[in-house]
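Descriptive structure summary
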Amino acid sequence: MALANPSLLSTRSICRLNPLSLSSRTLRFGFTPFRRKLNRPSRRFFSVLASQNDIFSSPDTAKSFDFSSEERIYNWWDSQGYFKPSFDRGGDPFVIPMPPPNVTGSLHMGHAMFVTLEDIMVRYFRMKGRATLWLPGTDHAGIATQLVVEKLLASEGIKRTELSREEFARRVWEWKEKYGETITKQIRRLGASCDWTRERFTLDEQLSQAVVEAFIRLHENGLIYQGSYMVNWSPSLQTAVSDLEVEYSEEPGTLFYIKYRVAGGSRSDYLTIATTRPETLFGDTAIAVHPEDERYSKYIGKLAIVPLTFGRHVPIISDRYVDKEFGTGVLKISPGHDHNDYHLARKLGLPILNVINKDGTLNEVAGMYCGLDRFEARKKIWADLEETSLAVKKESYTLRVPRSQRGGEVIEPLVSKQWFVSMEPLAEKALHAVEKGQLTILPERFEKTYKHWLTNIKDWCISRQLWWGHRIPVWYIVGKVCEEEYIVARSEEEALVKAREQYGKSVEIYQDPDVLDTWFSSALWPFSTLGWPDVSTEDFRQFYPTTVLETGHDILFFWVARMIMMGIEFTGSVPFSYVYLHGLIRDSQGRKMSKTLGNVIDPIDTIKEYGTDALRFTLSLGTAGQDLNLSTERLTSNKAFTNKLWNAGKFVLQNLPGKSDVSAWEHLLAYKFDTEESLLKLAIPECWVVSKLHELIDIVTTSYDKFFFGDAGREIYDFFWGDFADWYIEASKTRLYHSGSHAVASIARGVLLYVFENILKLLHPFMPFVTEELWQALPYRKQALIVSHWPESSLPRDTKSIKRFENLQSLTRAIRNARAEYSVEPAKRISASIVANADVLDYISSEKQVLALLSRLDVHNINFTESPPDDAKRSVHIVAGEGLEAYLPLADMVDISAEVQRLSKRLSKMQSEYDALVARLNSPKFVEKAPEEVVRGVREKVSDAEEKLMLTKNRLAFLQSTVPVSG
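Residues numbered from 1 in each chain as written. Predicted model: local features only at pLDDT ≥ 70, side-chain atom pairs only at ≥ 80, totals over all residues. Heavy atoms only, no water.

**Let's talk about the overall build of the protein**
Using the following cut-off: Secondary structure elements are taken from DSSP: a helix is a run of H or I of four residues or more, a strand is a run of E of two residues or more, and numbering for both begins at the N terminus. Here the globule rule reads 2.2 Å times residues to the power 0.38, and the radius of gyration is calculated from C-alpha atoms. The rule is simple: take the accessible area with a 1.4 Å probe, protein chains only, and divide by the maximum for that residue type; under 20% is buried, over 50% is exposed, in between is partly exposed.
Helix and strand counts for the protein come out as 33 helices and 29 strands. Compactness check: the protein gives a C-alpha radius of gyration of 38 Å against a globular reference of 30 Å for 967 residues, more than 25% above the reference. Its C-alpha atoms put the protein at 120 × 95 × 55 Å along the principal axes. Across the 967 residues in the protein, those meeting the buried criterion constitute 54%.

**Considering the layout of surface pockets**
Basically, it comes down to this: For each structure, a 1 Å grid was placed over the protein atoms alone; sets of points admitting a 1.4 Å probe that cannot get out are labelled cavities, open sets with protein on both sides within 12 Å along at least five of seven lines are labelled pockets, and lining residues have an atom within 4 Å of a point. Grid points are joined across faces, edges and corners, and a volume is the space filled by probe spheres set on the points. Each residue gets one label: Ala, Val, Leu, Ile, Met, Phe, Trp, Tyr, Cys and Pro are nonpolar, Asp, Glu, Lys and Arg are charged, and the others, such as Gly, are polar.
The calculated volume of the second largest pocket comes to roughly 380 Å³. Taken together, 16 residues form the lining of the second largest pocket, with Y82, S86, D88, Q783 and V787 sitting closest to its centre. Its residues assigned to classes, the lining of the second largest pocket comprises 5 nonpolar, 6 polar and 5 charged.

**Structural notes on helix α29 (residues 848–855)**
Formally: Should any heavy atoms of two residues lie within 4.5 Å, those residues are counted as being in contact.
For α29, the buried fraction is high: 6 of the 8 residues fall into the buried class. All of the buried residues in α29 are V850, L851, A852, L853, L854 and S855. At its buried positions, α29 is contacted by α23 (684–705), α24 (709–737), α27 (799–821), β26 (830–836), α28 (838–846) and β27 (857–865).

**Digging into the UniProt feature "domain: Valyl-tRNA synthetase tRNA-binding arm" (unreviewed entry) in the protein**
Formally: UniProt positions are given in the numbering used here, feature names are shortened, and annotations may be inferred rather than shown by experiment.
Under the present numbering, the feature "domain: Valyl-tRNA synthetase tRNA-binding arm" (unreviewed entry) in UniProt falls on residues 895–959. Counted over residues 895–959, helix gives 94% and strand 0%. Its end C-alpha atoms are 10 Å apart.

**Considerations on the side chain of D269**
What counts here: Counted as positive: Lys and Arg. Counted as negative: Asp and Glu, with His and the chain ends omitted from the count. Should a side-chain nitrogen of Lys or Arg be within 4 Å of a carboxyl oxygen of Asp or Glu, the pair is scored as a salt bridge. Polar contact criterion, stated in full: a pair of N or O atoms within 3.5 Å, where within protein one must be able to donate a hydrogen and the other to accept it, and residues adjacent in sequence count only if both atoms are side-chain atoms.
Among the secondary structure elements, D269 is positioned in the loop between β7 (246–262) and β8 (270–275). Lacking a salt bridge, the buried D269 has K298 as its closest oppositely charged neighbour, with an N-O distance of 4.5 Å. At 2.9 Å, the side chain of D269 and the side chain of Y299 are in polar contact. Every residue in contact with D269, bar those within four places of it in the chain, is listed here: R261, V262, K298 and Y299.

**Observations regarding the pattern of salt bridges**
Summed over the entire model, instances satisfying the criterion amount to 43 salt bridges. Put simply, E150 and R160 hold a salt bridge, and the shortest N to O gap is 2.5 Å. Residue E150 is located in helix α5 (residues 142–155), and its partner R160 is located in the loop between α5 and α6 (165–179); the two are separated by 10 residues in the primary sequence. Overall, R160 belongs to the buried group, its relative accessible area being 18%.

**Considering unusual backbone geometry**
Residue W532 is joined to P533 through a cis peptide bond whose omega torsion reads 15 degrees. The topology assignment puts P533 in the loop between α15 (525–528) and α16 (538–543). The backbone phi angle of Y780 is positive, close to 60 degrees, even though this residue is not glycine. With respect to the helices and strands, the residue Y780 is situated in the loop between α26 (768–777) and α27. Non-glycine residue S794 carries a positive phi angle of around 60 degrees. Positionally, S794 belongs in the loop between α26 and α27.

**Notes on the sheet that holds strand β16 (residues 460–461)**
Quick note on the threshold: Only strands that DSSP links by at least two bridges are regarded as paired with each other. The axes are straight lines fitted to the C-alpha atoms, using for helices just the contacting stretch, and the angles between their N-to-C directions are given from 0 to 180°.
One open sheet holds the 4 strands; their spatial order is β6-β5-β14-β16, and the pairing between them is antiparallel. Strand pairing shows two members of the sheet lacking a second neighbour, β6 (239–241) and β16, which therefore form its edges. One ladder, built from 3 bridges, connects strand β5 (residues 224–234) with β6; its direction is antiparallel. Bridge pairing in β6 links W233 to A240. Of the strands in this sheet, β5 and β14 (412–421) touch helix α9 (residues 339–348), which is tilted by about 145 degrees from β5.

Structure (structure tokens):
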């Protein structure tokens with residue numbers, strides 16, 4: 001191979017010979033030189049090189065990887081179209097719908113986790129040749145966004161209710177256009193290689209049409225209904241929220257004991273009720289006791305007088321639902337303000353009384369307490385109960401308080417008219433999908449959780465009393481009862497046509513003011529983003545069903561299960577084949593990150609300090625589904641890994657031929673090591689590292705395919721650091737600097753390049769920036785690393801060479817340990833006798849230079865023998881393995897006389913310390929009076945001291961035996 005005019009390219013330019021000049025064959029190495037010539041770069045090629053010179057740096061010019069280059073690299077990838085799906089190499093598409101973060105959001109570690117894991121998948125399968133589509137987007141986040149804009153309006157002295165609905169929506173869209181891209185820009189900063197040309201927003205016109213269509217179809221199928229039922233009400237947000245949006249926290253509270261007198265009885269006839277919410281007593285419609293509770297059996301069937309209601313009576317009933325052991329064993333049933341009471345009342349046919357307004361104040365049913373806030377009323381009512389002698393006592397009690405996930409306020413259970421989805425028919429199909437193997441949930445243990453929730457599912461309240469979101473496509477007839485007469489339509493025009501057909505041309509209609517739950521539109525995400533309900537679109541036909549849905553295990557029900565149900569209902573297919581659930585990110589102590597604890601780690605700040613690659617690698621090493629404790633120590637360690645990789649690249653580049661030495665590169669690129677014949681021609685260290693690489697490729701590829709990303713990352717890390725950097729790079733120095741053979745050095749260069757470029761490929765999904773930077777620094781790259789071909793599997797490996805090099809490693813470690821034990825100066829070279837059988841000696845001696853370099857031996861004084869040397873008694877004897885030993889002359893390692901003196905003094909001091917410890921144990925006063933843990937500690941110290949004494953005595957005796965006797 002020869003450039004027509006090598007001088008046309010500068011040294012730096014040839015270093016950037018990135019994607020365009022060579023075919024994929026040039027990436028394979030073999031002993032037969034290429035016949036093809038390197039073509040002279042075209043003008044277009046020069047322009048590409050010139051543009052990339054401003055993007056990529058190289059270890060030969062940069063001391064370390066510059067994190068500030070990450071954004072330049074990312075923008076280059078994007079500009080080249082690498083994030084778009086390509087069908088050039090065939091195969092089934094690999095599709096991931098990105099969990100859409102809230103448009104109000106700012107990047108946190110949870111986002112960093114899902115971006116990292118999904119990008120690992122996408123980059124891996126892209127390199128495997130599959131057309132990869134990672135479809136990004138954001139969620140309109142009804143409650144969260146409305147809150148943000150309401151606060152913005154408040155800062156201007158404006159209340160939402162002072163604006164028309166249309167004007168408020170306009171202000172929200174203005175906010176979205178100004179601030180809505182914050183989260184997506186931060187996601188890009190993490191290296192997310194998603195197709196931004198297909199970015200979606202849940203309020204996009206096409207997605208909004210999908211939401212309306214979904215509502216209409218569900219309604220037509222009898223799965224959407226309207227009614228007054230118990231919901232979770234947020235007084236400050238003034239909207240219903242779903243069960244899944246309520247978080248329960250244990251908080252200190254009070255249990256109030258109140259007398260309920262029995263109507264018609266004496267003053268001693270009363271029931272004492274324990275309640276945490278005395279303000280709801282105005283909504284009591286019955287008093288219940290257990291049918292087998294003998295304490296109250298005589299009152300069953302009678303009436304009780306509700307306190308502070310001027311004599312309102314409620315029946316005393318029996319039901320096995322009552323817990324005899326809780327409180328006094330008597331239950332007040334307030335079906336308008338407690339979920340359990342509500343269901344009990346419906347079962348028993350009891351009336352429902354609502355005593356609390358939607359703003360959290362008591363209504364007219366509470367009489368003189370009307371208008372008081374629920375918590376203020378609680379205090380006032382208890383004071384009045386005490387005054388009327390109806391208060392028995394109050395005691396501290398730990399409450400399980402329901403709080404809004406959004407606002408944090410205490411949720412009020414209220415009966416309210418809402419829209420619901422009937423979930424049981426949908427859940428049944430979603431259960432069958434897992435049972436039939438159409439859907440795999442990873443880790444498998446979450447299948448039980450999934451099945452339990454779907455088996456016990458409740459109907460879904462989908463209406464929200466907000467102004468921001470998808471308006472419910474229902475219109476009412478002016479003058480008619482809402483629940484009984486309404487029209488479901490795709491638009492107001494369609495609704496009016498339907499209304500005129502039924503009620504005449506003069507009919508007037510108005511739309512339901514509520515919007516749909518944000519999770520309703522999110523449930524359609526995998527297919528609405530691909531064009532549904534138009535199933536003829538190219539994207540829908542090519543990319544649906546998708547492949548993987550990756551998200552946190554905490555929204556398995558919020559989102560994942562609902563997507564599965566809606567996907568099956570509307571498309572007839574499960575929307576993805578796999579669900580991969582990751583854990584939560586916690587601090588180094590395992591605590592949940594919160595502003596209150598002050599332990600929040602900001603991803604952007606982390607990137608600035610440690611780099612994106614270090615953060616991604618740290619997050620990816622967790623176990624699927626398990627929470628990950630994040631610490632600065634882990635980040636620091638993986639930043640060091642980035643630096644180690646960079647330095648390895650520096651070493652490789654420094655030892656490759658000059659970039660303008662076309663003849664040398666022609667020879668180097670001709671090597672290949674992917675056949676058994678070529679592998680077996682290699683010397684032991686080269687054959688070992690290539691064989692280990694081929695093993696690694698198989699292991700890592702299998703782990704990627706099984707989504708065992710933590711295992712894959714650790715395997716690559718261990719091989720790179722433990723095998724390649726610590727052993728082969730060091731061993732290669734004997735070939736490069738001491739072999740005296742151009743052929744030997746050339747093969748070593750070929751192996752270094754082959755192994756290093758494959759490490760970059762294997763590691764790229766985890767650490768895309770530093771690996772692409774290093775890849776671009778290597779000359780004659782056919783493609784960018786992001787779209788390069790994944791290494792082939794099932795490549796040859798030689799187990800004999802692996803075993804032989806492992807024996808060499810064992811011998812080296814044993815010699816290093818002996819040197820450390822005798823405190824031999826690192827720079828000092830010592831002699832050695834290696835003892836083994838003829839076969840072992842043959843291959844060990846063939847790598848004499850490697851052994852000498854790695855063990856700091858004097859290469860001219862290494863003897864290979866089948867029997868111990870004459871000076872064996874004056875040498876340190878080490879056994880490296882079965883049939884492989886070494887003798888290190890003691891005189892080479894230490895000044896024996898000085899060491900004898902040093903050890904004698906040390907032994908005397910150790911003996912004194914040991915005697916003192918034994919004396920303490922022999923003292924009855926110490927043993928009897930000292931705390932048990934102190935005595936145990938002294939005994940452990942005595943045991944340790946005995947062992948150290950024995951070792952030191954043996955060492956001293958050995959040294960003294962080697963000192964020549966004068967005479």
